[in-house]
Amino acid sequence: MLKKAPANKRGILFKDFAGAVKEKRVINIAGQARSGKTTQAKKLAAENGWIYFDSGLIYRAYAWKLLQEQNAGRLKLKYSLDDYRMADYSKELDYFKLSNNEISEIESLLGDIKVDFRGGNVYVNGVLVDSDMLHNSVSVETANRVLRSVPAFRSCTLARERSVRDALIKMGTVVIAGRGYAPDTAVNIYLHASIDERVRRAKLDGEEGTDAELRIRIEARDSDDRANETLKDFPGVFNALDTTPRSGAESDEQNIERVFDEIEALLEDSQKKQDELT
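Conventions adopted
Residues numbered from 1 in each chain as written. Predicted model: local features only at pLDDT ≥ 70, side-chain atom pairs only at ≥ 80, totals over all residues. Heavy atoms only, no water. Pairing = 2+ DSSP bridges. Helix = DSSP H or I, 4+ residues; strand = E, 2+ residues; numbered from the N terminus. Axes fitted to C-alpha atoms, helices over the stretch in contact; angles between N-to-C directions. Contact = heavy atoms within 4.5 Å. Salt bridge = Lys/Arg side-chain N within 4 Å of Asp/Glu carboxyl O.

(A) The arrangement of the sheet that holds strand β8 (residues 239–242) in detail. Overall, parallel pairing links the five strands, which are arranged β2-β6-β1-β7-β8 in an open sheet. Of all the strands in the sheet, just β2 (51–54) and β8 have a single pairing partner and so form its edges. Across the sheet, the axes of successive neighbouring strands diverge by a mean angle of 20°, strand direction being ignored. Bridge count between β2 and strand β6 (residues 174–178): four bridges; the pairing is parallel. Across the sheet, the residue bridging to Asp-54 is Ala-177, located in β6. Here helix α2 (residues 37–48) sits on the sheet and contacts β1 (26–31), β2, β6 and β7 (187–192); the angle it forms with β6, its principal contact strand, is near 175°.

(B) The arrangement of the sheet that holds strand β5 (residues 127–129) in detail. A sheet is described by the order of its strands in space; here three strands give the open sequence β3-β4-β5, paired in antiparallel fashion. Edge positions in the sheet fall to β3 (115–118) and β5, since each has one partner strand and no second. Pairs of neighbouring strands in the sheet enclose a mean axial angle of 40°, with direction left out of account. Of the pairings in the sheet, the one linking β3 to strand β4 (residues 121–124) comprises four bridges and is antiparallel in character.

(C) Up close: the pattern of salt bridges. Going through the model one piece at a time under the given rule, you end up with 22 salt bridges. Residue Glu-262 pairs with Arg-258 through a salt bridge whose shortest N-O separation is 3.1 Å. With a gap of four residues between them, Glu-262 and Arg-258 both fall in helix α12 (residues 252–277), about one helical turn apart.

This is the structure:
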């Protein structure tokens, strides 16, 4: 059983838990857009010397590269993805329908794209790409949603995500920040928060748009999540945590620490169950 570590020894807080995840060396922190999953996954990995992996960046990196290809004239689509982001976000998939020829063009370019994840950073064809930009760019977000309608894009990005994850697991315990359920893990945690709080966080993080536009985009991402079999009825297979501040007096820093403590409690509980089975 884990013992509560003093505040000044948070770096060794989960030392004993590392043994419990030896066989299943993945901790998955999923959640809604702007629920705090990236912050918590980074913190958990950093304080325990574990490996941080933002799985969503793999998909966004491919979308970003194809957007670059379009802007350079090497990918010819009927509509510019930059124009596309100005459409009503809730109706965008009707606005932008890819033809068979356009899909073939996308498929032909996918093989030339190599996405890697090293040291918490994402690289496209060997070039470091700013993770904050990938998270906050409306163009990348909307391009990603359109491109997911292409079967080859979905299969390519999913295969690359799994390949990167498997490579990282060979190096040590991995903490994943993502949007969905991860099989064969030590624990699956799902973070969620109120829509108003997530709009506020999006603005703080520098995401483009007015409050109304941010709300529409976040709600669209929530709608996408509900189409996922493992997410539509969350918590389900997840341990769910609400990251909405509990009062107006709870600062962002206090909120992060409170949620981190709740994650710690979930990991302790997971270890207890592991101990009971062994």
